[in-house]
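# A closer look at the structure
If you want the building blocks of each chain, they are given just below.
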Amino acid sequence: MSGQTFKILVTGPFAAGKTSMIQAVSQTQVISTDVTTSGDERDVKSFTTVAMDFGTYRVEGDDTRMLLFGTPGQARFRFMTNILKGDVDVVAFVVDAEATDTHAVAGVELRALLRDLRVPAVIAVNRCDDVDAARRLARSLGALDSEAVVPCQLIDPDSGRKVVVEILLTLLASMETTKTEVA
Amino acid sequence: MQKVKTISDGSLALQIADVPPRPIMSVVPPPPPSGDAPFATPGGAPLAAPAPSTAATPPAQSYTSPPAPLAPQPVVDPAHDSSSDPSGGAAGLLDDLVARFADAHGAILASVDGFSIARSTSMADEASHPAMLAAAVGLAHQLVTLGGGDQLRQLVVDHDRGLLLVWPVGDQRVLAVLADRTVDQRELRSFVQAGAAVLVGSDT
């Protein structure tokens, strides 16, 4: 898979950890559209993405490059997801394991997005260390058993890189599948 | 020099005077009416922001009538009664703007994170509008660096039916005005700048 550029859509509910993940893994300065929050959302966190985050990741010793497009999380910014979702190769869906009130809507969003895009997904279960718990949550959101699930602590950059590795493995696997289909 | 138009409606001037001076929005003096040229440059207009002292200060001279006949006042919307107005008089100011400028049709004041603060009664209550404004301004702030600049002053959406003029107001809000291409942008900005104290609000 050398010499290729892949587009990764990083999405998920408000305050799940999307921007943190892109900040952690991007090797170029992240283009972000963070602004201060207001109203009830200020109780959750101080800054929020209003348009997009953009970061890049290049595989060492290879020309393979990933472009990471992060969406805002709130429903009122859904049009940004629609703008950014074209030609996506993998969806990285970030969800906060402890923010249980976001899970129902997150499941609806995840299923709708994957039905629409028909690309593989990596489920990054933030604030979670347990593989089984992460897998259970991903399944409850409607993720397929074949989809990669990564328990992570996105406050920690190393944890973000674990997600990137899963994204790369998923890209590899989907290319194998494509090859088989062609053959 | 910035020419501050006075307005015959004394209540607006009073509102401005009553509000303590706050940092004002900075705007570029607009280009002269540019006909149909989609990418007309500000024809020789200086790019520097006007001197801040002219903005939030009420004009010292006596009130004069605006040159254009005032459009009929909009029907009073109880939600826009300034005494109970959660936007601190901003909604009334936006209605005044639409009434004052015949070729401005609506105005929306939004928080930088995409919530509605106020809108003119001519605008529908549509949650995606303030969110789109916040997203566009958020991205425009980044595009400023592409252009080598430091500060976003104005965002213009020039479309087949007119203009959408968007300004950051303070650092927590954005203002959008829907207008015909014929709108006097200099007058419009003077009006907005005069009301900046109300538009910026106090929820920082």
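Small disclaimer: the values here were computed from a predicted structure and weren't measured.

Cut-offs applied
Residues numbered from 1 in each chain as written. Chains lettered and ligands numbered in written order. Predicted model: local features only at pLDDT ≥ 70, side-chain atom pairs only at ≥ 80, totals over all residues. Heavy atoms only, no water. Helix = DSSP H or I, 4+ residues; strand = E, 2+ residues; numbered from the N terminus. Buried < 20%, exposed > 50% of the residue type's maximum accessible area, 1.4 Å probe, protein only. Contact = heavy atoms within 4.5 Å. Areas by Shrake-Rupley, 256 points an atom, 1.4 Å probe, with all protein chains shown as cover. Axes fitted to C-alpha atoms, helices over the stretch in contact; angles between N-to-C directions. Parallel < 35°, antiparallel > 145°, perpendicular 65-115°, else oblique. Left-handed = near helix turned anticlockwise from the far one by under 90°. Nonpolar A, V, L, I, M, F, W, Y, C, P; charged D, E, K, R; others polar. Right-handed = clockwise from strand over helix to strand, strands pointing away. Buried area = accessible area lost by both parts, 1.4 Å probe. Salt bridge = Lys/Arg side-chain N within 4 Å of Asp/Glu carboxyl O. Polar contact = N/O pair within 3.5 Å; in protein donor to acceptor, adjacent residues only side chain to side chain. pLDDT = per-residue confidence, 0-100. Expected span 1.5 Å × (residues − 1). Arc of directions from axis to C-beta. Phe/Tyr/Trp six-rings, centres within 6.5 Å; stacked < 30°, edge-to-face > 60°. Lys NZ or Arg CZ within 6 Å of the ring centre and 35° of its normal.

### Describing the overall build of chain B
In terms of helices and strands, chain B carries 5 helices and 5 strands. Shown N-terminal to C-terminal, the secondary structure of chain B runs as helices and strands in the order α-α-β-β-α-β-β-β-α-α. Relative to its 204 residues, chain B shows a buried fraction of 43%. A separation threshold of at least 6 residues defines the contact pool for chain B, and within that pool the share at least 24 residues apart is 60%. Put simply, chain B shows about 10200 Å² of open surface, and 59% of that area lies on carbon and sulfur atoms.

### Considering the packing of helix α2 (residues 90-100) of chain B against helix α4 (residues 185-194) of chain B
All names here are of chain B. Where α2 meets α4, the axes come as close as 11 Å, and the angle between the chain directions of the two elements is 160 degrees. Judged by the angle between their axes, α2 and α4 are roughly antiparallel. When you trace α2 past α4, the crossing you get is right-handed. In this structure, α2 uses L93, D96, L97 and R100 to contact α4, whose residues at the interface are E187, L188, F191 and V192. Partitioned by chemical class, the residues of the contact of α2 with α4 number 5 nonpolar, no polar and 3 charged.

### Observations regarding the pairing of strand β7 (residues 148-152) of chain A
Residues and elements named next belong to chain A. Where burial is concerned, most of β7 is hidden: 5 out of the 5 residues are buried. Alternating positions in β7 separate into two faces, A148, V150 and C152 on one and V149 and P151 on the other, with burial throughout. A crossover links strand β6 (residues 121-126) with its parallel partner β7, the connecting element being helix α4 (residues 131-141), and its sense is right-handed.

### Re the interface of chain B and chain A
Between chain B and chain A, the contact holds 15 residues from the first and 17 residues from the second. Taken over both partners, the interface formed by chain B and chain A buries close to 1200 Å², and the fraction arising from carbon and sulfur atoms is 64%. For the pair chain B and chain A, the number of links is 0 salt bridges. Between chain B and chain A we count 5 residue pairs in polar contact (both at pLDDT 80 or more) in total.

### Let's talk about the pattern of salt bridges
All names here are of chain A. What the rule picks out here adds up to 10 salt bridges over all chains. Ionic pairing is found between R78 and E109, a salt bridge with its closest N-O pair at 3.3 Å. Here R78, found in helix α2 (residues 78-84), pairs with E109, found in helix α3 (residues 103-117); they are 31 residues apart in sequence, far enough to count as distant. You can call R78 partly exposed: its relative accessible area is 22%. In this structure, the salt-bridge partner of E98 is R127, at a minimum N-O distance of 3.5 Å. With a gap of 29 residues between them, E98 in the loop between β5 (90-96) and α3 and R127 in the loop between β6 and α4 connect regions that are remote in the sequence.

### Looking at unusual backbone geometry
Residues and elements named next belong to chain A. With a phi angle near 65 degrees, A15 is a residue other than glycine that sits in the positive phi range. Among the structural elements, A15 can be located in the loop between β1 (5-11) and α1 (18-25). Overall, the relative accessible area of 24% leaves A15 in the partly exposed class. Its identity is not glycine, yet R118 carries a phi of approximately 55 degrees, on the positive side. Within the secondary structure, R118 sits in the loop between α3 and β6. Overall, the relative accessible area of 72% leaves R118 in the exposed class.

### Observations regarding the confidence of the model for chain B
Residue and element names in this part refer to chain B. The pLDDT averaged across chain B works out to 72; a share of 58% of its residues lies at or above 70. Between residues 1-82, whose pLDDT stays under 50, and residues either more than four places distant or in other chains, the model counts 118 contacts. The ipTM for the predicted assembly is 0.89, set against a pTM of 0.77.

### Notes on α3(A)
Residue and element names in this part refer to chain A. With 15 residues, α3 should cover 21 Å at 1.5 Å per step; its first-to-last C-alpha distance of 21 Å lies within 8% of that length. Considered for burial, the residues of α3 that qualify are H103, A106, G107, L110, L113, L114 and L117. For α3, the angular spread of the buried residues around the axis is 140 degrees, confining them to a single face. For α3, exposure combined with an orientation more than 90 degrees from the buried face picks out A104, V105 and R115. Contacts made by the buried residues of α3 are with β1, α2, β5, β6 and α4. With its phi angle positive at about 55 degrees, R118 sits one or two positions after the end of α3.

### Regarding the packing of aromatic side chains
Across all of its chains, the model carries 3 aromatic pairs over all chains by this definition. Ring geometry for B:F101 against B:F191: centres 5.8 Å apart, planes inclined by 90 degrees, an arrangement best described as edge-to-face. Here B:F191 lies in helix α4 and B:F101 lies in the loop between α2 and β1 (104-111), a separation of 90 residues in the sequence. Exposure class is identical for B:F101 and B:F191. Each is buried. The lysine or arginine in question, A:K7, covers the ring of A:F69, its NZ or CZ lying 4.7 Å from the ring centre. Here the basic side chain of A:R76 rests over the ring of B:F115, its NZ or CZ set 3.8 Å away from the ring centre.

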